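Residue-level structural notes
One letter stands for each residue in the lines below.
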Amino acid sequence: ADGTGQLTVRTPTILSPVNVSANKGSTAPITVNVKDSNNLVIPSGTVNITVGQDEPVPATVNASGEATINYEVPNDARGTINFSATYVENDNYQASTMATAGVITIRKGVTIVVDSIKANIGDEITLSGTVTDEDNELVPEGTVNYEIE
């Protein structure tokens with residue numbers, strides 16, 4: 001039997017996450033990079049991004065090969081939240097699923113308690129205090145900037 005047909009060749013797509021740190025109750029940009037097998041940017045299409053157990057949210061791929069959604073981090077979030085992504089097949093590019101989950105690291109809240117001091121006008125003083133996280137654990141490193149008004 002003779003016949004003709006049409007063969008459509010689509011470029012493979014590779015998705016990679018941009019891991020992010022976020023505060024509870026904040027809006028975090030969740031970004032997925034889209035490239036081809038030669039590591040060249042794919043500048044169009046749609047990526048469905050799924051954060052945790054939420055429903056997928058479609059994101060348009062921009063000219064830089066990035067698809068981004070804004071995620072509202074719950075006030076009670078702790079630890080990490082994973083996200084996944086799939087590229088939606090179109091006339092030019094193949095569908096794909098991100099091989100490695102992206103990670104949103106939730107920053108812990110901190111409490112700073114400044115030690116009480118007594119001083120007279122003109123005295124040189126040293127400020128000190130204690131920084132603990134929301135689990136009441138000492139924060140071992142970081143910078144505290146004091147502002148005296």
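Our subject is the structure that appears above.
Note that the structure is a prediction, hence the values are computed from the model and not measured.

**Some words on the sheet that holds strand β1 (residues 14–18)**
Taken in spatial order, the three strands of this open sheet run β1-β3-β6, and their pairing is antiparallel. With partners counted over all chains shown, the strands left at the sheet margins are β1 and β6 (66–72), one partner each. Averaged over all adjacent pairs, the angle separating strand axes in this sheet is 25 degrees, with direction ignored. With five bridges connecting them, β1 and strand β3 (residues 27–35) associate as antiparallel partners. Residue pairing for β3: P17 is matched across the bridge by V32.

**A word on the nonpolar core**
Membership of the largest hydrophobic core comes to 26 residues, with the highest contact counts inside it found for I30, V47, I49, V51 and I104. For this core, the elements supplying multiple residues, two or more each, are β2 (20–22), β3, β4 (46–51), β6, β7 (80–87) and β9 (102–106).

**Brief notes about the packing of aromatic side chains**
Going through the model one piece at a time under the given rule, you end up with one aromatic pair. Ring centres 6.2 Å apart and planes at 90 degrees place the aromatic pair Y87 and Y93 in the edge-to-face group. Taking relative accessible area as the criterion, Y87 reaches 2% and is therefore assigned buried.

**A look at the pairing of β9**
What you see with β9 is a clean split: G102, I104 and I106 sit on the buried side and V103 and T105 on the side with no burial. Note: β2 against β9, three bridges, orientation parallel. Considered in β9, the bridge of V20 is made with I104. Relative to β9, β7 runs antiparallel, the two being bridged by four bridges. Note on β9: the bridge partner recorded for F83 is G102.

**Structural notes on the environment of L138**
Looking at the secondary structure, you find L138 in the segment after β11 (129–133). Residue L138 is classed as exposed on the basis of its relative accessible area of 62%. The spatial distance from the C-alpha of L138 to the C-alpha of A101 is 31 Å, given a sequence separation of 37 residues.

**Some remarks on the pairing of β3**
Each regular strand displays side chains that alternate between the two surfaces of the sheet. Where β3 lies against β6, seven bridges are found, and the strand directions are antiparallel. Bridged to N33 within β6 is E66.

**Observations concerning the side chain of T50**
Among the secondary structure elements, T50 is positioned in strand β4. Setting aside residues up to four positions removed in sequence, T50 forms contacts with P56, N82, F83 and S84.

**Some points on unusual backbone geometry**
Within the chain, N39 stands out as a residue other than glycine whose phi angle is a positive 65 degrees. What makes N39 exposed here is its relative accessible area of 54%. Residue N136 is not a glycine yet carries a positive backbone phi of 65 degrees. Following the sequence through the fold, N136 ends up in the segment after β11.

**Re a nonpolar patch on the surface**
Residues V110, I112, V114, V139, V144 and Y146 make up a contiguous nonpolar surface patch of roughly 450 Å² in combined accessible area. Inspection of the secondary structure puts V114 in strand β10 (residues 110–114).

Rules of the game
- Residues numbered from 1 in each chain as written.
- Predicted model: local features only at pLDDT ≥ 70, side-chain atom pairs only at ≥ 80, totals over all residues.
- Heavy atoms only, no water.
- Pairing = 2+ DSSP bridges.
- Helix = DSSP H or I, 4+ residues; strand = E, 2+ residues; numbered from the N terminus.
- Axes fitted to C-alpha atoms, helices over the stretch in contact; angles between N-to-C directions.
- Core = buried A, V, L, I, M, F, W, Y, C linked by side-chain atoms within 4.5 Å.
- Buried < 20%, exposed > 50% of the residue type's maximum accessible area, 1.4 Å probe, protein only.
- Phe/Tyr/Trp six-rings, centres within 6.5 Å; stacked < 30°, edge-to-face > 60°.
- Contact = heavy atoms within 4.5 Å.
- Patch = residues over 30% accessible without salt bridge, like charges linked within 9 Å, V, L, I, M, F, W, Y side chains within 5 Å.
- Areas by Shrake-Rupley, 256 points an atom, 1.4 Å probe, with all protein chains shown as cover.
- Salt bridge = Lys/Arg side-chain N within 4 Å of Asp/Glu carboxyl O.

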